[in-house]
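Listed here are the chains, written in short residue letters.
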Amino acid sequence: MNVQGNPVAQHSAESYPIEFLAHTQLANCYQCGKCTAGCPVAARMDLAPNQLIRTVQLGQAASALRSQSIWECVSCQTCSTRCPKEVDCAAVMDALREISLAEGMVAPSQQPIVAFQQAFLDNIRRNGRLAELELIAQFKTAVFFRTGRLAFLFKDASLAPQLGKRKKLHFLPGKVRDRKVVERIFAKCSNRSDK
Amino acid sequence: MSRIGIFTCWCGENIARTVDVDDVAKQVSSLPGVRCSVNYKYMCSDPGQAMVREKIVSEKLDGVVVASCSPHMHLKTFRKAAQAAGLNPYLVEMANIREHCSWVHHDRAQATAKAVDIIRLSVEKVRNDAALEPIRVPVTRRALVIGGGVAGIQAALDIADAGYEVVMVEREPSIGGKMAGLSETFPTLDCSQCILTPRMVEVGQHPRIKLYSYSEVEAVEGFVGNFKITIRQKARYVDTAKCTGCGECWNVCPLKKNPSEFDFAMGMRPAIYIPFPQAVPARPVIDKKQCAKLIRNGCGLCEKKCKAEAINFKDQDKLVEEKVGTVVVATGYKLYNIAKEQDKAWLSGYGEYGYGRYKNVIDSLQFERLVSASGPTNGVLKRPSDGAIPKNVVFISCVGSRDNAKGLPYCSKICCMYTAKHAMLYKHKVHDGQAHVFYMDIRAGGKGYDEFVRRAIEQDGARYYRGRVSKITEENGKLIVRGTDTLAGVALTIEADLVVLAAAMRPADGIEELAQKLNIGYDEFGFLLESHPKLRPVETNTAGIFIAGACHAPKDIPESVAQASAAASKVQVMLAADELTREPEIAAINEQTCAACFTCVNTCPYHAIERTELRTGKGAFIKRTARVNPGLCMGCGTCVSVCPSKSADLQGFTEQQVYAMVESLA
Amino acid sequence: MNIGYYPGCALHGSSNDYEQSLRACLGALDVQLQEVKDWICCGATAAHALNHKLSLALPARNLALAEREGHKQLFAPCPLCSMQLLKVQKAMAGNGLRAELSQIVEADLRGDGQVLNLIQVFQTVGLDKLKTAVKEPLKSITAACYYGCLLTRPPEVVHFDDFEQPKSMEAVLAALGAKTVEWSYKTECCGAGMTMASEDTVLDLAHKILSNAAAHGANCVVVACPMCHVNLDMKQAAVEQRYNKKLGMVIYYLSDLVGLALGLSAEQLGVNRHFVTKA
């Protein structure tokens, strides 16, 4: 049988702290697939939720970490809620995302989503609360620089006047007075993924 | 002065490899009271036993210690040998120098020294042994069978055919259990009622079977060989002696729209009804919660119509007493409730499957009734909402079972097989229909079982998808089933006309109350506990009470029948003589010193101690005392440890003996 | 009635129509909202997706601030915010995490406050009281109540309603004299924060939700989440264009309908600021 790597070696030299971060035991998963069956975006994923867990069970977490799936996930919690073995699949997704970014293994096609989340975190670190226009600008430029898609810069631009008409655009959002404490919180929680 | 003989065994290499048996035999020969000490390679063999017998006679021994394996292995062997040589068998002790010594140690010198110590203990014990006699308990040579399903029927017939009277108590109006409602059974696809009803009739007509139908066990008193059972015969409001079963009453009853219990609400029945045409006894009952006459003194049509004058609206529950020697519990199962309401706090239903909301989501027993030739639709598979014939049916396995989150972690054993059967029955009835089965694993371990499942797939075209279903919704009369196939790694959605959920087997309602009445154990799911999972599958830890069928664990019909016959054979062993013999190593209470505080009565886990009085020959009161019932006591010693006046003691393990053993090591 | 109020970034951003609706409606019910001073972002999706510790610390800071101001009850109108706050409370139960988080967020944290979503605020006011306060029963409303993901999930964190067949929003609407429909997408995800990052996902999911609501006879959808509102309202035109389908479903905040039933005007409630308005 042609299997890459040794499927029995669950704790090879490159084992990742997925179970620790997710606070859940992956050996409990008996691959029933109910998570996949209820996932609203399963059709968009390269590896289905139960397959992601299977690769980690087999000691091949790299496949999961490089997948598009973990970034397509919308964190709707349906998988964890319905799992008959009480495996916290949604937390596993979070753990895989955190490690994937920290290890520089993000699937190229998913850069826009990652860029958005990173821009979001950067934004609230500096402002304490979300400054939307700043986020949009930062996000669009980041995507442009990472992918070279010019059209992306101008997508949804037509929404701006519509939002403005409805008084939903805030050029000077209310700021948090004690912003330094937010910086310090971020610093104390720093992990490798905010590099 | 004691005359004790010590017989030390080599057990081949098992003991001799680690313990220097020759040295041991030499050392123990100088223990006080020891008359002779010999050793031999296989003490339990014929020559070994002959040696024991010979020495008992030639040395006039009054006590024997066999230093060898665990008493669980050969205590009976050596007691028999002693008895054959004329020595009371309870003057034989075994010193375990194998399981407790040679098998668990490596150092030869230390193991040998320990073996000598172990034998020293046994010598002290045997020196203080009393020549006990086995206890004889009279036996009522009748059996009670609780439950009239296939297991209860099999057990009752076996016991009755062997010549003993059987009392059978069945909760429903008719015997037959769940099997009477099935359509066909795997792997032969026999018509279930066709193979069962002859047995049911046999029970109904058997000269030695007394059937109490529509009845329940109210109370249990007594002990093995001597049970007194109180049975509640629920009011039928029909005199079964006068009734001819003609059916005029249930035809004329105006209240016809009550969900039928036998059909699991797939069909209706009148307020006066017979559960199914082949019922045994073939006599109706009136449901007092629905009958207009019983609720508000209206109607009364059935009484007017009955030519046999068998209707009796003044009927009452009756309590009846029966004396039996043994009990077989065969109370069967119910299905896990898929809807939200549960009878245990740690269970929850499957809201995501829409059972109870969508009419066309049903469970497996409901499906059986829909395809059964004698069912509410006469065997035509009409779906509940509109009676249409479904062209796509989805069967979902493991509903409620193998599910830690919902509360039942075990496998329900029969569902893989009956789901394949359902897929096949469906195809045989609806030739252009498609069966879809969502499964996690296929458990088909019986004879011809795997081939049966493959037949469903390869010959009857059932589509099997490996995965669970996440959610079922209803759009435009179709059930949208969202599942997955993990083998292909895809989520897939099936539009079904009917969904059948294979719900887990659980023990029948009321099992815990019944088990407490009988003083037998049950696990956290309510399944009755066997004495030993490998070697005693039909006995319980309470002497005289046996179990058979699905009340013990999920199982299919062949296993239930086999277990029922096994229980029947155990019953026959017990009923074979007028007396039962029990080991005498039980508690005894010195009634002169007993202070009658009755702490022991309240602590005894077997309810084996009675409060009684000592009176003179002419009846004058002397004192109260506790007294052990030798038929029930299991010799656990709890009473000995709690008795404040040291009046309770354990025969064969007296306080004096135990202290003597402990002090001998000092 | 006074309750602590944690608006969250969306309500002070492009979902400020939700805040307008809340303030008008709850004001009319004499519920005073005391906004937590200097609250910070709860971390939303980005924190739990990229940094587990941060995803606990950010909401923890807000819990501590609310406790410091003496609020026994904290109303968070965005379910992502309320779920994160509840998640921190649960994570801290019975271990040393509370001390660690107090140190990180530089404020003492007890974690014993009650976190409320919008439906729970109405339940606290009392549905009977609500019913008697209704001036204009919503006879023309046949609503599909849309709960989205995080009002009822994860059930062991939020402990709110039946997570497969919730009925709490329907009960509020019943008190307002409105009709509701039983439909199949009550708790199916709308795509949440993917609006900008993966518009495709949102359009696909929003399309399914809106179509099913219409198929079951609803003439509007009611939500209690700003992200759900954006995905179903602001993105509805894009859905119609992509799938070539006219939907015309007004998406009401629950507070919109309560306010309208109490006799407030659409302008007061900010209903006219939605993208899809009544024809």
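Residues numbered from 1 in each chain as written. Chains lettered and ligands numbered in written order. Predicted model: local features only at pLDDT ≥ 70, side-chain atom pairs only at ≥ 80, totals over all residues.

Draft legend 1. Looking closely at the sheet that holds strand β18 (residues 326–329) of chain B. Residues and elements named next belong to chain B. With parallel pairing, 5 strands are arranged side by side in an open sheet as β10-β7-β6-β18-β29. Of all the strands in the sheet, the pair left with one neighbour each is β10 (209–212) and β29 (545–547). For this sheet the average axis-to-axis angle between neighbouring strands, irrespective of direction, equals 20°. With respect to the sheet, helix α6 (residues 150–161) is in contact with β6 (142–146), β7 (165–169), β10 and β18, its orientation differing from that of β7 by roughly 165°. (Pairing = 2+ DSSP bridges. Helix = DSSP H or I, 4+ residues; strand = E, 2+ residues; numbered from the N terminus. Axes fitted to C-alpha atoms, helices over the stretch in contact; angles between N-to-C directions. Contact = placed C-beta atoms within 7 Å.)

Draft legend 2. Geometry of the packing of helix α8 (residues 111–127) of chain A against helix α9 (residues 132–147) of chain A. Residues and elements named next belong to chain A. With their axes 9 Å apart at the nearest point, α8 and α9 run at an angle of 140° to one another. On the basis of the axis angle, α8 is oblique to α9. Our pair here, α8 against α9, has a crossing hand that is right-handed. Residues Gln111, Pro112, Ala115, Phe116, Ala119, Phe120 and Asn123 of α8 form the contact with α9, whose participating residues are Glu134, Leu135, Gln138, Phe139, Ala142, Val143, Arg146 and Thr147. Residues of the contact of α8 with α9, tallied by class, amount to 9 nonpolar, 4 polar and 2 charged. (Parallel < 35°, antiparallel > 145°, perpendicular 65-115°, else oblique. Left-handed = near helix turned anticlockwise from the far one by under 90°. Nonpolar A, V, L, I, M, F, W, Y, C, P; charged D, E, K, R; others polar.)

Draft legend 3. Examining the domain arrangement of chain B more closely. Split by domain assignment, chain B resolves into domain 1 (4–127), domain 2 (141–227 + 321–331 + 519–553 + 562–582), domain 3 (235–316), domain 4 (333–506) and domain 5 (587–650). Here the C-alpha centroids of domain 3 of chain B and domain 5 of chain B sit 52 Å apart. (Domains from an automatic or database assignment.)

Draft legend 4. Geometry of the interface of chain A and chain B. Tallying the contact residues gives 18 residues for chain A and 19 residues for chain B. Contributions of two or more residues to the side of chain A that touches chain B are made by α2 (34–38) and α3 (49–57) of chain A. Grouping the amino acids of the side of chain A that touches chain B by side-chain chemistry returns 8 nonpolar, 6 polar and 4 charged.

Draft legend 5. The interface of chain C and chain A, seen in detail. Each partner contributes to the interface: chain C provides 41 residues, whereas chain A provides 45 residues. Breaking the side of chain C that touches chain A down by element, the ones donating at least two residues are α1 (9–12), α3 (44–50), α4 (52–68), α6 (97–105), α11 (194–197) and α12 (199–215) of chain C. Class assignment for the residues of the side of chain C that touches chain A results in 23 nonpolar, 11 polar and 7 charged.

Draft legend 6. How the structure looks around the sheet that holds strand β20 (residues 361–363) of chain B. All names here are of chain B. Taken in spatial order, the 5 strands line up as β20-β27-β21-β22-β23 in an open sheet, and their pairing is parallel. Unpaired on one side and paired on the other, β20 and β23 (463–466) mark the two borders of the sheet. Neighbour-to-neighbour, the strand axes of this sheet turn through a mean angle of 25°, independent of strand direction. In this structure, β20 lies alongside strand β27 (residues 498–503), joined through 3 bridges in parallel fashion. Note on β27: the bridge partner recorded for Ile362 is Val500. Of the strands in this sheet, β21 (392–399), β22 (434–439) and β27 are in contact with helix α12 (residues 415–429), which crosses β21 at around 175°.

Draft legend 7. Structural view of helix α7 (residues 118–125) of chain C. Residues and elements named next belong to chain C. Along α7, the residues that are buried comprise Leu118, Ile119, Val121 and Phe122. One side of α7 holds all its buried residues, which, seen down the axis, span an arc of 155°. A positive backbone phi angle near 110° is found at Gly126, which sits one or two residues after α7. (Buried ≥ 20, exposed ≤ 12 C-beta atoms within 10 Å, placed from the backbone. Arc of directions from axis to C-beta.)

Draft legend 8. The nonpolar core, seen in detail. Grouped together as the largest cluster of nonpolar side chains are 301 residues, with contacts concentrated most on Val221(C) and Val222(C). If you look at the next biggest cluster of nonpolar residues, it comprises 40 residues, including Phe7(B), Leu61(B), Val92(B) and Ile118(B). (Core = buried A, V, L, I, M, F, W, Y, C linked by C-beta atoms within 7 Å.)

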